[in-house]
Structures are given as C-alpha cells and as structure tokens.
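The primary structure of each chain is shown beneath.
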Amino acid sequence: MADGRSSPDLTLDIPIEGMTCASCVTRVEKAIRKVEGVTSASVNLATERARVSLSGSRATPDAVAEAIRNAGYEPRLDRTELAVEGMTCASCVGRVEKALARVPGVVEANVNLATGRAAVRYLGGSDMPARLVAAVEKTGYQARPVAAPGAEADREAAARAAENAALRRSLAFAAVLTLPLFILEMGSHFISAVHDWVMATIGHDESRYLQFALATLVLFGPGLRFFRKGIPALLRLAPDMDSLVVLGTGAAYGYSLVATFLPGLLPAGTRNVYYEAAAVIVTLILLGRFLEARAKGRTSEAIKRLMGLQAKTARVLIDGTFREVALDEVKAGDVVQVRPGERIPVDGEVVEGSSFVDESMITGEPVPVQKSQGASVVGGTVNRTGSFTFTATKVGAETVLAQIIRMVEEAQGSKLPIQAMVDRVTAWFVPAVMAAAALTFAIWLWAGPGPALSFALVNAVAVLIIACPCAMGLATPTSIMVGTGRAAELGVLFRQGEALQSLRNARIVALDKTGTLTLGKPTLTDFVVADGFSEAEVLRLVASVESRSEHPIAEAIVGAARSRGLAVASPERFEALPGFGVSAMVEGRRVEVGADRFMVRIGIPATAFATTAARLGAEGKSPLYAAIDGKLAAIVAVADPLKPSTREAVAALHALGLRVAMVTGDNRRTAEAIARQVGIDEVVAEVLPEAKVETVRRLRGEHGPIAFVGDGINDAPALAEADIGLAIGTGTDIAIESADVVLMSGDLRGVANAIGLSQATIRNIKQNLFWAFAYNVILIPVAAGLLYPVDGVLLSPAIAAGAMALSSVFVVGNALRLRRFRPLLPGGAGPAAAGHSVERAAGERLAGERLAGERMAGESA
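Given the structure is predicted, the values throughout are model-derived calculations rather than measurements.

Visitor: Hey, could you run me through the overall build of the protein in this one?
Guide: Per the secondary structure count, the protein includes 29 helices and 30 strands. Scored against the burial criterion, the 861 residues of the protein give a buried share of 57%. Excluding contacts between residues fewer than 6 apart, the proportion of contacts in the protein whose partners are at least 24 apart in sequence is 72%. Of the roughly 33,600 Å² of accessible surface on the protein, 57% is carried by carbon and sulfur atoms.

Visitor: Sorry, what's going on with unusual backbone geometry here?
Guide: Leaving glycine aside, a negative phi is the common case for residues, and trans is the common case for peptide bonds. For Glu587, which is not glycine, the phi dihedral falls at a positive 55°. By the element assignment, Glu587 lies in the loop between strand 22 (581-586) and strand 23 (589-594). Although it is not a glycine, Asp629 adopts a positive phi angle of roughly 55°. Here Asp629 lies in the loop between strand 24 (622-628) and strand 25 (631-639). With relative accessibility at 42%, the residue Asp629 sits in the partly exposed group.

Visitor: What is the right way to look at the side chain of Asn768 in this model?
Guide: Looking at where Asn768 falls in the secondary structure, it is placed in helix 27 (residues 749-784). What makes Asn768 buried here is its relative accessible area of 0%. In this structure the side chain of Asn768 is engaged in a polar contact, spanning 3.1 Å, whose partner is the side chain of Ser479. With residues near it in sequence (within four places) discarded, Asn768 still touches Ala475, Thr478, Ser479, Val811, Asn814 and Ala815.

Visitor: Could you clarify how one ought to interpret the sheet that holds strand 28 (residues 706-710) in this entry?
Guide: The strands making up a sheet associate through backbone hydrogen bonding, with each pair oriented either parallel or antiparallel. Taking strand neighbours across the sheet as the criterion, the 7 strands line up as 18-30-29-28-19-26-27 in an open arrangement whose pairing is mixed. Only two strands of the sheet have a single partner each, and these edge strands are strand 18 (492-494) and strand 27 (682-684). Neighbouring strand axes in the sheet, compared pairwise and without regard to direction, differ in orientation by 20° on average. The pairing of strand 18 with strand 30 (residues 741-743) spans 3 bridges and is classified as antiparallel.

Visitor: Is there a simple way to explain the pattern of salt bridges in this structure?
Guide: Side chains bearing opposite charge may pair, as long as their charged atoms lie close to each other. Applying the stated criterion across every chain, the model contains 25 salt bridges. We note a salt bridge from Arg540 to Glu537, for which the minimum N-O separation is 3.1 Å. With Arg540 and Glu537 both in helix 18 (residues 535-546) and 3 residues apart, the pair spans about one turn of that helix. We classify Arg540 as buried; its relative accessible area is 12%.

Visitor: How do you make sense of the UniProt feature "transmembrane region" (unreviewed entry) in the protein when you look at a structure like this?
Guide: Sequence positions flagged by UniProt for "transmembrane region" (unreviewed entry) are, in local numbering, residues 170-189, 209-227, 243-266, 272-291, 425-447, 453-476, 769-788 and 794-816. Note that residues 209-227 is 79% helix and 0% strand, and that its end C-alpha atoms are spaced 23 Å apart. Annotated as 85% helix and 0% strand, the span residues 272-291 places its first and last C-alpha atoms 33 Å apart.

Visitor: Quick question: what am I supposed to make of helix 23 (residues 668-678) here?
Guide: An α-helix turns once per 3.6 residues; consequently, residues spaced three or four apart project the same way. The set of residues buried in helix 23 consists of Thr670, Ala671, Ala673, Ile674, Ala675 and Val678. Where the residues of helix 23 are buried, they touch helix 21 (610-618), strand 24, helix 22 (646-655), strand 26 (659-663) and strand 27. Of the residues flanking the end of helix 23, it is Gly679, one or two places downstream, whose phi is positive at about 85°.

Visitor: Sorry, what's going on with the pairing of strand 25 here?
Guide: For a regular strand, side-chain orientation follows a simple rule: the groups alternate between the two sheet faces. For strand 25, the tally of buried residues reaches 8 of 9 residues, placing the bulk of the element in the interior. Direction of pairing for strand 20 (residues 523-529) relative to strand 25: antiparallel, over a ladder of 6 bridges. Bridge pairing in strand 25 links Leu524 to Val638. Strand direction decides the pairing type here: strand 24 and strand 25, joined by 7 bridges, are antiparallel. Across the sheet, the residue bridging to Leu624 is Val636, located in strand 25. Taken together, strand 24 and the strand that follows it, strand 25, pair antiparallel across an intervening segment of 2 residues, in which Asp629 is found at a positive phi of about 55°.

Visitor: Is there a simple way to explain the confidence of the model for the protein in this structure?
Guide: Close inspection of predicted coordinates is inappropriate for parts of the model with low pLDDT. Confidence in the prediction of the protein, expressed as mean pLDDT, is 79, and 81% of residues score 70 or more. The least confident element of the protein is helix 26 (residues 733-738), whose mean pLDDT is 59; the most confident is strand 11 (residues 335-338), at 94. Within the model, the stretch residues 1-8 combines pLDDT values under 50 with 32 contacts to residues more than four positions away or in other chains. In the predicted structure, residues 828-861 sits below a pLDDT of 50 and forms 160 contacts with residues beyond four places in sequence or in another chain.

Visitor: I keep staring at a nonpolar patch on the surface and nothing clicks. Help me out?
Guide: A contiguous nonpolar patch, built from Tyr209, Phe261, Leu262 and Leu265 and spanning about 430 Å² of accessible area, is present on the exposed surface. For Tyr209, the location among the structural elements is in helix 7 (residues 204-219). You can call Tyr209 partly exposed: its relative accessible area is 39%.

Visitor: Would you mind showing me how to read the packing of aromatic side chains here?
Guide: Here the distance between the centres and the angle between the planes together describe a pair of aromatic rings. Enumeration over the complete set of coordinates arrives at 13 aromatic pairs. Note on Phe220 and Phe227: the rings are 5.3 Å apart at their centroids and 35° apart in plane angle, and the pair reads as tilted. Given the relative accessible area of 40%, Phe220 is considered partly exposed. Every member of this aromatic cluster is reached through a ring pair, and the members are Tyr209, Phe212, Phe220, Phe227, Tyr253, Phe261 and Tyr275. When the ring centre of Phe580 is taken as reference, the NZ or CZ atom of Arg601 above it lies at 4.6 Å.

Visitor: Please explain the packing of helix 18 against helix 19 (residues 552-563) as it appears in this structure.
Guide: Working note: a packed helix pair is described by the angle between its axes plus the distance between those axes. In contact at an axis separation of 9 Å, helix 18 and helix 19 are set at 135° when each is read in the N-to-C sense. With respect to their mutual orientation, helix 18 and helix 19 come out oblique. Seen from above, helix 18 lies across helix 19 with left-handed handedness. The residues of helix 19 that touch helix 18, namely those facing Leu539, Val542, Ala543 and Glu546, are Ala554, Ile557, Val558 and Ala561.

Visitor: Looking at this structure, I do not really get the pairing of strand 5 (residues 78-85). What am I missing?
Guide: Across 6 bridges, strand 5 lies against strand 7 (residues 117-122) in antiparallel orientation. Bridging across to strand 7, Ala83 finds its partner in Arg117. Where strand 5 and strand 8 (residues 142-145) come together, 4 bridges link them in antiparallel fashion. By the bridge assignment, Val84 is partnered in strand 8 with Ala143.

About the thresholds
Residues numbered from 1 in each chain as written. Predicted model: local features only at pLDDT ≥ 70, side-chain atom pairs only at ≥ 80, totals over all residues. Heavy atoms only, no water. Helix = DSSP H or I, 4+ residues; strand = E, 2+ residues; numbered from the N terminus. Buried < 20%, exposed > 50% of the residue type's maximum accessible area, 1.4 Å probe, protein only. Contact = heavy atoms within 4.5 Å. Areas by Shrake-Rupley, 256 points an atom, 1.4 Å probe, with all protein chains shown as cover. Polar contact = N/O pair within 3.5 Å; in protein donor to acceptor, adjacent residues only side chain to side chain. Pairing = 2+ DSSP bridges. Axes fitted to C-alpha atoms, helices over the stretch in contact; angles between N-to-C directions. Salt bridge = Lys/Arg side-chain N within 4 Å of Asp/Glu carboxyl O. UniProt positions renumbered as here; feature names shortened; annotations may be inferred. pLDDT = per-residue confidence, 0-100. Patch = residues over 30% accessible without salt bridge, like charges linked within 9 Å, V, L, I, M, F, W, Y side chains within 5 Å. Phe/Tyr/Trp six-rings, centres within 6.5 Å; stacked < 30°, edge-to-face > 60°. Lys NZ or Arg CZ within 6 Å of the ring centre and 35° of its normal. Parallel < 35°, antiparallel > 145°, perpendicular 65-115°, else oblique. Left-handed = near helix turned anticlockwise from the far one by under 90°.

Printed below as a string of structure tokens:
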C-alpha cells in the first residue's frame, strides 16, 4: 500500500460517483477543505470531478478520498498497468514498488516479477501515467503504460455509457409498471367508466393491493438508487436531492400503506392512497436524469473530437526495421516513418524525405505545408503526398495536441467567481426545502380544509419534489463545458475557466506589435552605409553577429546576407542586451548592432543618419544602427508587414466598445506610423521589457480592466499582470504559460471572437441561474398551496416531479445552445465552424518554431 504522501502544490483530479445536485457539490467541497493540507477544492457537477490542491507533507490523497467517502460519495480510483523491463529479482520488485508508492496520488502499487507488470491505483489527473513511468525510470528500469492512448477517456466514456444504459433500463421498467398504476388510480378518479370497471372486475381493496404491488416494485426496483444514497445522507444529517426524493416518495408510499393495511389508524375521510404519486415521481425523475445524462454527454464532444485527432499507432525504427507499435510506446528520440495519407503520431523534426502536410487542424490554413529536413511536424496533422522520417521530440502528454486537450479539460473543470453565490445558496437549500415542507405540512394540518391530513401530506410531498438543486448545480458548469469546448473548436483555448467571466469586463485591449499586429517575419528593406565602408562587408559582419539570435529581425538580416551569397562568419564573445542591441567579435573586429539608444549607450552618435532615420520611421520601418570598431557604419531598415486581418480585428474591437492600445519597444515615430495604418487609439512606444508591467498598470488605472495580447518572452510579465492575458499561439511557450487565453491562430480576429464567446457564455450562465432560482422561488410556494385560497389550485406531486425533471433538462439544453455560437468575424477562427470540427481550428502555428532567445534592439515586443 502506498504511503499516500503528498508534496507542495500537488493537484489531484478526482472522479466522484454519486453526486446528483448542487448540495452534493457543496457537501463534497466542504468535506475536502476540512482535510489538513488542502489549499483549495473545486467540485464540478457536470464533469463529476473534484480538483484538489494539496500543500505540505501532511496532506495525503488518502485523507482526501476518505473525506469524500465520509461525506457519502465514492471517489473513483483510476487504475493503470505498466510493463516494467529489467527486473530480475524480488529486490527489484521492492524497489519499483517503493518508487511508485512515492509518487503523490498513488494509493496502491503492486508489482509482479513473473509477468513484468505493475498495477497502480491512484487519485490524480491525466498526466499520472507519465509521472509513474518517470518514477520507475529514475530507479533504473524501463516502463511503459500498457493501456492504449486515450484509455482514460475511453474508461470515462464507458462508465457514462453504462450509466446511461442502466438509467434507460430502470426508466423502461418503471414506466411499464407505473402506466397501469396511474391508469388504475387516476382513471378511477376522473373517468366514471374506468371506476365502474375497476369496482366490477377488481374490487376496491384488491385494486389497492395491486397498486401496492406495482408501486413497491417501482420504488424498490428502479427507485432503489434514490434510497441507497438518500437515506445514508439523511442519517449523516447531510440531505441531498436523493434525500428529498426519498422523503417525498416515502411519505406518499408510507401513508398509502397505512391507508391500505391499517385504515383504522387514520381519521375518517383521510384514508386515501397515493401509490401512483410515489411511482410517477420515481419514473419522471428517472426520465429527467436519463435526458440530463444524455445531454451532459454532448457537452464534452469537443474533447472527444480532439482525442479523435490522435493517431493510434506509429512506425518506429527498431533494430534497423520500421515496425508498427502502439502510440504510447513511442519515446523521444525514436525515428518514426510516415507514409502518404497517414496521421503524424507525435511531434518531431524531419530527418529524411520530403512531403506536404495538412496542418489545418492546428493552423486553419487549408493549403498543405511542405516539410523537408529540419522542419517541425506536429502530432495529429495529416501527411498528404510523400513519405518521410522524423525524430520524435515530444511524446505523450508533451505533444501540442495533448497540451491543447489538457488546457480544455482544465478550463472545463474550473469554477467561475459567479459560482460562489450559487454555492452559498445551495449550502442551505435542501435543509430549507425540508423545513418548508415541514411547515407546509403543519399549516395544512392545522388550518387546512378536511381531510386536513390528506391535504397536508400531498402539499408537503409536492414541496419536497418540486425543489430542484440539480438545476442550480448544473447551471454554471454545463455552460462552461460547452462554451470552452466551442471555443476550442474556434481556435480559442481558455487556460482557466475564470477567464470566461473576466474577459467580458475588459475595457481596453493592449496589443504587442511584433507577431501580434504584424506577421513577425520582417524583411530587410534598406541598408545604407556610411562613407568609407563597403555595403557587402558591413552586411556580412552584421549578419555574422545576428546569426546568434533567433529574433525575426535577425533572421531577416541573415537571410538577406545569404541571399546575396555573403559568407556568414561565426561570432565570438556574443552579448545581448534586451531592449538595446547585440554585440560580438567577428574576425577580430568589434561589431555592435542596435537601436539609437544603444548607440547613445556605447557613445557613438547616430546623427549622421538622422534624416534617413526620420524617413524610415515615417514609413513604419524599424531603423537599426551598426557600428564597427567604434565607428558608425550603417543604418538598417527592416519592415514587418501587418497581418491582413489586423485592421478588421481592430475595427471589431472598437465595435465592441473597447479602446485599443499598442505597446512596443519600437521608436515612437515607427509605432505611430503603424498605429495610423490600423486605427490604434493609443500608442505606448519605446517601452523596455521591464516597463511593460508598469504600462499595463497605468492603462488599467486610466481605462479600467485591461486585456493584453502578446506572443514574446518579454510579454510574459505583462500577460500575467493584465486582468486577462491573451497569448498568440505562434508565440513562445513562456508567453503561453503566462496567459489566461491562448489563440491558436496568429489572427487577431480571435480576440474579438474570444470576447464575444465570453459574453455569450456568461449570458447563458445567467439565463440558467435565473431559470433555476426563479423556478424554485415561484413553484415552491405554489407547491405549498399558496394559490389555494385564491383559486383553489393545488400542485399534484406527480406534476411537481415532472416540472423538477424538466428544469434540469432545460438548463443543460440551454447550455448546449452555445454549441451553435458563430464567430463574430468570419475567418478569425479558421474554418472550424463549418462542421464543429477541431481539425479545422484556426491559427497559424501553435506548435511551430517557438520564438526564443534574445530580443533584437528596440523590439521588446
């Protein structure tokens, strides 16, 4: 048995069985939060999962699991099996078991020497198998998961399918028995012919005996699930939705038993039976849960489609021969072969061959991209024509597709701030309903018309049944699931669900320039040398220095030099000063390249090129300077073309009532020239990397909540500081990790679409919450008989059950409308919307070549 030890900042993702309503969610959260070492707990009714953060050595997954059990619910332990290679004796087994047991979240680990397998039971997330493999490999053995890729999703799908099948069977059985019961009792009341037929053929007492038999079969057959969960919850003084059903049906059934078998105990005129009410309540609630389960299954279709993009096998080079292996057997460094028409299994770099690859599922671009030696390929994309081999660089949970899936799952499982209000209400909702039912019973028994006992019972049962904490519990999470799933289809990844609520409040959008407003692929347009210098020689020396930088401007200069046939030398003593420039020794000569402020810093005046610099800046080009051996040698102009969609995107943000600012390290003249072209409201230029955070704070103070959009390493602090950070998917890993929202596309129209989807989702949540609360506020008093003194209206318990079931189905159905959300700007999300297909999700490259390394002079953006 594992020791269950934890570590700082451990997060568990725990499936929980048995939750049926919002009060269940509140109860589970409270139980988990009482565990020592738990820093946060968020329970989601729609996904039936708890995300728990632990900190400190005293916090254990076992304690969390036990707390969930004590609350009356069952944490589902995940199980995986590893194939372990290299074990030869019992000491090997002990070593591997201990290594697995030390992994936070592991509950039990058993290793079998004869089979070479390790069976592990754990509480954790989808990354647990990878962590287990890593733990085994640290001990000197090789391990791989036996389960096929996507097994966790398959298990959940299988569990959900089994639950749906069980609900379908229970519903069918209950309906078959309830229908004759309903006709027998209600038909006798409302149709005289039926009453006469029953009296003539069955008899009064025999009819009641038959109703008793049918109702008993319904309550303790299909309806037993409510009693199994509801009664223990009552005994723990922690009632939930099932407890309300148990109390309502139990009261009707129990009262009918007395009226049937011990009628003398009841006052005259009150010896009625309500078997049909108990049976109809069970049947209708089963119907509601069946419809709800089917609808909830559709809320996760985006994840299913993403999972469907993964290849199942790969052709890996083993002992000189390419062999087909399961995807989970592929390791980083393996050489993989891809043939025409096949889906690329993992991320990697082409080593041999050439082909065209359809990357539309990542980039949104319909035109296949040519891949040859050195090019990057992304798992899940489709090879079209030729055959090639590549070296696997990222496998398993590290692939781009796996990261996308993980982002969507985390967003779908998160809880919005608006949910806090719901949690406070649902914490006392079920006890309040029970108190209202008791009060209803007492008032009708004391002041109701005769037979008072019958009226009191019927109305109290109606109050218990009409209440629906399920609808309140589902209102927020179902909308989040559908909204974030639809966003993924449109190329917008919400890394935190909270961003859905915060994004709609933004009042100003601040945009980084390079790679955000522009293509991020500048080209050399001007190269003017000072007197006494050779253009070719200066360009060769400058390109030699820039060859050590991966910044797009550097790439443009190096590309220009090579296109002219100039030999680029290897620099020595290379040094980069972010926000200023770069310097190095090239063939014994000191070469310095940077912005005008860099020239000032090293004491070289750039006044000789003042006129040229003014012209270039007015044209929207970035003027840089080169000095050789302490003398000003040249001015360099590089233009970074605007993205075709930039103007339209800025106009769309204005249409949403947002102010748009541009934050860049460019000189002001260049920045303002670009701003004029696209209609930017405010320009903050010549901003050094460390000043971006202060700029974000200033803009927030002047205009209100701010959304910052960027893609570079230097954007990471600003993305984190902003109320909402949106990272361009073509940017760096650091920027993406610092952001709240990732735009898989490099298209700025995704910003407007993300804001539009945020507004639609929050609007949908508010509709759900209004319905859920209004439903209960209006119908509970009606069920209690509030309208009876006015017009004699009373609510039958059976009708109350139908209304309760309908409310949950309505909430889920309303959330599903978000699947039809259309992007505000066509093209901003790529062609995904055409078939709700993630394969066509927008973007230019989430996985492409990550911009890393030093920032070029003047371009902190």
